[in-house]
Amino acid sequence: MPSGRVLAICNQKGGVGKTTTAVNLAAALVERGRRVLLVDVDPQSNASSGLGLTLGPSDPSIYDVIVLGQPINDILQRPPHMDGLDVAPATLSLAGAELELADLARREYRLRYALEGLHGYDYILLDSPPSLALLTINCLVAAHAMLIPLQCEYYALEGLSLLTHTHHLVRQELNPSLTIAGIVMTLFDSRTLLSAQVVTEVRQRFPAEVFSTLIPRTVRLSEAPSHGLPVTLYDPDGKGAQAYRALAAELLARDALVAA
Ligand code: ATP
Ligand code: MG
């Protein structure tokens, strides 16, 4: 494994805030002086475009790394205005990877091998797609820990049991040391009783895992990607930026305990 801490940001459910968390947590960690690599492992490539990187389908991307075995250093990009953050971008070509991977040897280990030689990063964040297929499994096999964004909505806990089951299977079969870095409650709406109820319920079930930081639902967080910026630059003093800074602080404190 590479020298930095590798976190797979995953949830098979779509639209729960995986990419928003990957981009803004990365930016908040960079603000605190950490060196971060964000790897976009989703054919939708929202993390890449949300940071202002626009690529054509045949530009070098994580597809070349995972499927063709090209060194990851060859495809890294530095988003504008973001010293300390590197991005391994994705393009639509990654959409074919699930099928192509199926025929390759050690198909679950491709990303893990690709990250192996990297050094100089404090954190490597993997933004995974909304499925539990091979690209997500590659993320879970490459990671030290899972970071799970969970939307404050009625079915949150049901989705979580499938994910904890997957965690169990991956530990058993592929990556015995995979841990859970934490569960982050996203799209929290303080005006609804439901949001508060879901947080209470998830905290009861997973008291050690849930971060105390709640990520609020704010328009600024959804606008920032269209400007190619993380919220910490697009709306530095807003609630969204503050929340992701608080999450970064909490994560750093937890990881300091892990390392001790
Ligand atoms: P997918 O599963 O498709 O990859 P995802 O889990 O990565 O989705 P995001 O893309 O981060 O989810 O978020 C889904 C949508 O919700 C996006 O339009 C995003 O801008 C918006 N969104 C995410 N978090 C928030 C928030 N806290 N407040 C407001 N909008 C948000
Ligand atoms: Mg996403």
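Right, let's walk through the structure included here. What you see is a predicted model; the values in this text were computed from it and never measured.

1. Details of the overall build of the protein chain
- Assigned secondary structure in the protein chain consists of 11 helices and seven strands.
- Relative to its length of 260 residues, the protein chain is compact, with a C-alpha radius of gyration of 17 Å against a globular reference of 18 Å.
- Viewed in the frame of its principal axes, the protein chain has a C-alpha envelope of about 50 × 40 × 35 Å.
- Taking contacts inside the protein chain between residues at least 6 apart in sequence as the whole, the part at least 24 apart equals 79%.
- As presented, the protein chain carries roughly 11200 Å² of accessible surface, and 53% of it is formed by carbon and sulfur atoms.
- The distance from the centre of the 20 positive side-chain charges to the centre of the 26 negative ones in the protein chain is 6 Å.

2. Considering the packing of aromatic side chains
- Under the counting rule described, the total for this entry stands at two aromatic pairs.
- Here Y109 and Y113 contribute two aromatic rings whose centre-to-centre distance is 5.9 Å and whose plane-to-plane angle is 20 degrees, an arrangement assigned as stacked.
- Classification of Y109 as buried rests on a relative accessible area of 13%.
- By relative accessible area, which is 39% here, Y113 ends up partly exposed.
- With a centroid separation of 5.2 Å and 70 degrees between ring planes, the pair formed by Y154 and Y155 is classed as edge-to-face.
- Overall, Y154 belongs to the exposed group, its relative accessible area being 61%.

3. Digging into the side chain of E250
- Among the secondary structure elements, E250 is positioned in helix α11 (residues 239-259).
- An unpaired buried charge is present at E250: no salt bridge exists, and R254, the closest side chain of opposite charge, is 4.1 Å distant.
- Setting aside residues no more than four positions away along its own chain, E250 makes contact with F211, S212 and T213.

4. Notes on the pairing of strand β1 (residues 5-9)
- Of all the five residues making up β1, five are buried; the element is thus mostly covered by neighbouring parts of the structure.
- On β1, burial covers both faces: R5, L7 and I9 on one face and V6 and A8 on the other are all buried.
- Pairing of β1 with strand β4 (residues 123-127) involves five bridges; the strand directions are parallel. For L7, the partnering residue across the bridge sits in β4 and is L125.
- For β1 and strand β5 (residues 145-151), the ladder comprises three bridges, and the chain directions are parallel. Note on β5: the bridge partner recorded for A8 is M146.

5. Remarks on the environment of S195
- Relative to the helices and strands, S195 resides in helix α8 (residues 193-205).
- A residue is classified by how much of its surface remains accessible, and S195, at 2% relative accessible area, is buried.
- As for S195 and C152, which are separated by 43 residues in sequence, their C-alpha atoms are 5.1 Å apart.
- If we skip the residues at most four places from it in the chain, S195 touches C152, L187, F188 and D189.

6. Digging into the site of ligand 1
- Surveying the vicinity of ligand 1 reveals 18 residues, the closest of which are K18, T19, T20, P216 and T218.
- The backbone of G15 places a nitrogen or oxygen atom 3.0 Å from an oxygen atom of ligand 1.
- T218 is positioned such that a nitrogen or oxygen atom in its backbone is 3.0 Å from a nitrogen atom of ligand 1.
- Within the complex, the protein chains bury 80% of what would otherwise be the 620 Å² of accessible surface of ligand 1.
- Counting residues per element, the ones that place at least two in the shell around ligand 1 are α1 (18-31), β7 (210-216) and α9 (219-223).
- With three residues, α1 is the single largest residue contributor to the shell around ligand 1.

Reading the values: the criteria
- Residues numbered from 1 in each chain as written.
- Chains lettered and ligands numbered in written order.
- Predicted model: local features only at pLDDT ≥ 70, side-chain atom pairs only at ≥ 80, totals over all residues.
- Heavy atoms only, no water.
- Helix = DSSP H or I, 4+ residues; strand = E, 2+ residues; numbered from the N terminus.
- Rg over C-alpha atoms; globule rule 2.2 N^0.38 Å.
- Contact = heavy atoms within 4.5 Å.
- Areas by Shrake-Rupley, 256 points an atom, 1.4 Å probe, with all protein chains shown as cover.
- Lys, Arg positive; Asp, Glu negative; His and termini not counted.
- Charge placed at Lys NZ, Arg CZ, Asp CG, Glu CD.
- Phe/Tyr/Trp six-rings, centres within 6.5 Å; stacked < 30°, edge-to-face > 60°.
- Buried < 20%, exposed > 50% of the residue type's maximum accessible area, 1.4 Å probe, protein only.
- Salt bridge = Lys/Arg side-chain N within 4 Å of Asp/Glu carboxyl O.
- Pairing = 2+ DSSP bridges.
- Near = heavy atom within 4 Å.
- Polar contact = N/O pair within 3.5 Å; in protein donor to acceptor, adjacent residues only side chain to side chain.

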